[in-house]
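# Close look at the chain arrangement
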Amino acid sequence: NAGVTQTPKFRVLKTGQSMTLLCAQDMNHEYMYWYRQDPGMGLRLIHYSVGEGTTAKGEVPDGYNVSRLKKQNFLLGLESAAPSQTSVYFCASSYLLGPSEQYFGPGTRLTVT
Amino acid sequence: DAKTTQPTSMDCAEGRAANLPCNHSTISGNEYVYWYRQIHSQGPQYIIHGLKNNETNEMASLIITEDRKSSTLILPHATLRDTAVYYCIVRSYGGATNKLIFGTGTLLAVQP
């Protein structure tokens, strides 16, 4: 049982390049989330999904797109990376019902130059 | 979701109890209090949550005041590995998102 895994762990992009971050969970969770964390700040929600085939915007969605084609995977895409997107990205998942906790992945450190 | 107020930082001696306060004076009746922590460079880790009653698990205890306007997370015997940023989060459940709203948390430094 690996929990929540994220790929890649580190990435450096040039401005304007695109990339996709992959999140996978093996706990059969319905809900999945993408957060970003900038230095000295708490996590901010980018996008989330309440089930396969569904996605919704969080607090800071601009510049990102997401897809949830399979229940266990949640992809975060940057179509044209900007230096302001330099951050650490965390994926999380949780059960559908009840006051359940979120399980977080180890993070992806992204630098855009 | 109600906002929370936490001290920016706290120190605690190794082996002693660490008491982390959180103020949530605008909490509403269906909102839970959650605690997470984040050890440097790692993903946040769930600790405990509660609604009205005090709660205890293998990691910590959560004391919620009777008026529910504040709470305290207690780590009974702090170790160096408990050095982390601790987040107090208040949110309702059963809505469409189950999303968490993180503040800046309390940096707990456990001293040897």
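Here we summarise the structure given alongside this text. (Residues numbered from 1 in each chain as written. Chains lettered and ligands numbered in written order. Predicted model: local features only at pLDDT ≥ 70, side-chain atom pairs only at ≥ 80, totals over all residues. Heavy atoms only, no water.)

## What about the packing of aromatic side chains?
All names here are of chain A. Applying the stated criterion across every chain, the model contains 11 aromatic pairs over all chains. With a centroid separation of 5.8 Å and 65° between ring planes, the pair formed by Y64 and Y89 is classed as edge-to-face. Within this pair, whereas Y64 is found in the loop between β6 (56–57) and β7 (65–67), its partner Y89 is found in strand β9 (residues 87–94), the two being separated by 25 residues in sequence. Note on Y64: relative accessible area 8%, which makes it buried. (Phe/Tyr/Trp six-rings, centres within 6.5 Å; stacked < 30°, edge-to-face > 60°. Helix = DSSP H or I, 4+ residues; strand = E, 2+ residues; numbered from the N terminus. Buried < 20%, exposed > 50% of the residue type's maximum accessible area, 1.4 Å probe, protein only.)

## Details of unusual backbone geometry
Cis peptide bonds are those with omega within 30 degrees of zero, and the linkage from A:T7 to A:P8 qualifies with -10°. When you line up the elements, A:P8 lands in the loop between β1 (4–7) and β2 (10–13). A positive phi angle is found at A:N28, which is not glycine, with a value near 60°. Position of A:N28 among the secondary structure elements: in the loop between β3 (19–25) and β4 (31–37). On the basis of relative accessibility, which here comes to 54%, the residue A:N28 falls in the exposed class. At B:R68, a position not held by glycine, the phi torsion is positive, near 65°. Along the chain, B:R68 falls in the loop between β6 (61–64) and β7 (70–75).

## Description of the interface of chain B and chain A
Across the boundary between the two partners, chain B contributes 22 residues, which contact 24 residues of chain A. At the boundary of chain B with chain A, the tally comes to zero salt bridges. Put simply, chain B and chain A have three residue pairs in polar contact (both at pLDDT 80 or more) between them. Of all the secondary-structure elements, those providing two or more residues to the side of chain B that touches chain A are β3 (31–38), β4 (45–50) and β8 (84–92) of chain B. Residue contributions to the side of chain B that touches chain A peak at four residues, all from β3(B). Broken down by class, the residue content of the side of chain B that touches chain A amounts to 10 nonpolar, 10 polar and two charged. (Contact = heavy atoms within 4.5 Å. Salt bridge = Lys/Arg side-chain N within 4 Å of Asp/Glu carboxyl O. Polar contact = N/O pair within 3.5 Å; in protein donor to acceptor, adjacent residues only side chain to side chain. Nonpolar A, V, L, I, M, F, W, Y, C, P; charged D, E, K, R; others polar.)

## Topic: the nonpolar core
All names here are of chain B. Ranked by size, the top nonpolar core spans 21 residues in total, and within it W35, L73, Y86 and L108 carry the most contacts. Taken together, the elements giving at least two residues each to this core come down to β2 (18–23), β3, β4, β6, β7, β8 and β9 (106–111). The element best represented in this core is β8, accounting for four residues. Those residues in contact with L73 that sit more than four places away from it in its chain are A18, N19, L20, W35, I47, I48, A60, S61 and Y86. (Core = buried A, V, L, I, M, F, W, Y, C linked by side-chain atoms within 4.5 Å.)

## Observations regarding the pattern of salt bridges
All names here are of chain A. Taken as a whole and judged by the stated rule, the model has four salt bridges over all chains. The salt bridge involving R36 is made with D38; its shortest N-O contact spans 2.9 Å. Between D38 and R44 there is a salt bridge whose closest N-O contact spans 2.6 Å. We classify D38 as buried; its relative accessible area is 11%. On the basis of relative accessibility, which here comes to 25%, the residue R44 falls in the partly exposed class. By sharing partners, the salt bridges in this structure join R36, D38 and R44 into a single network.

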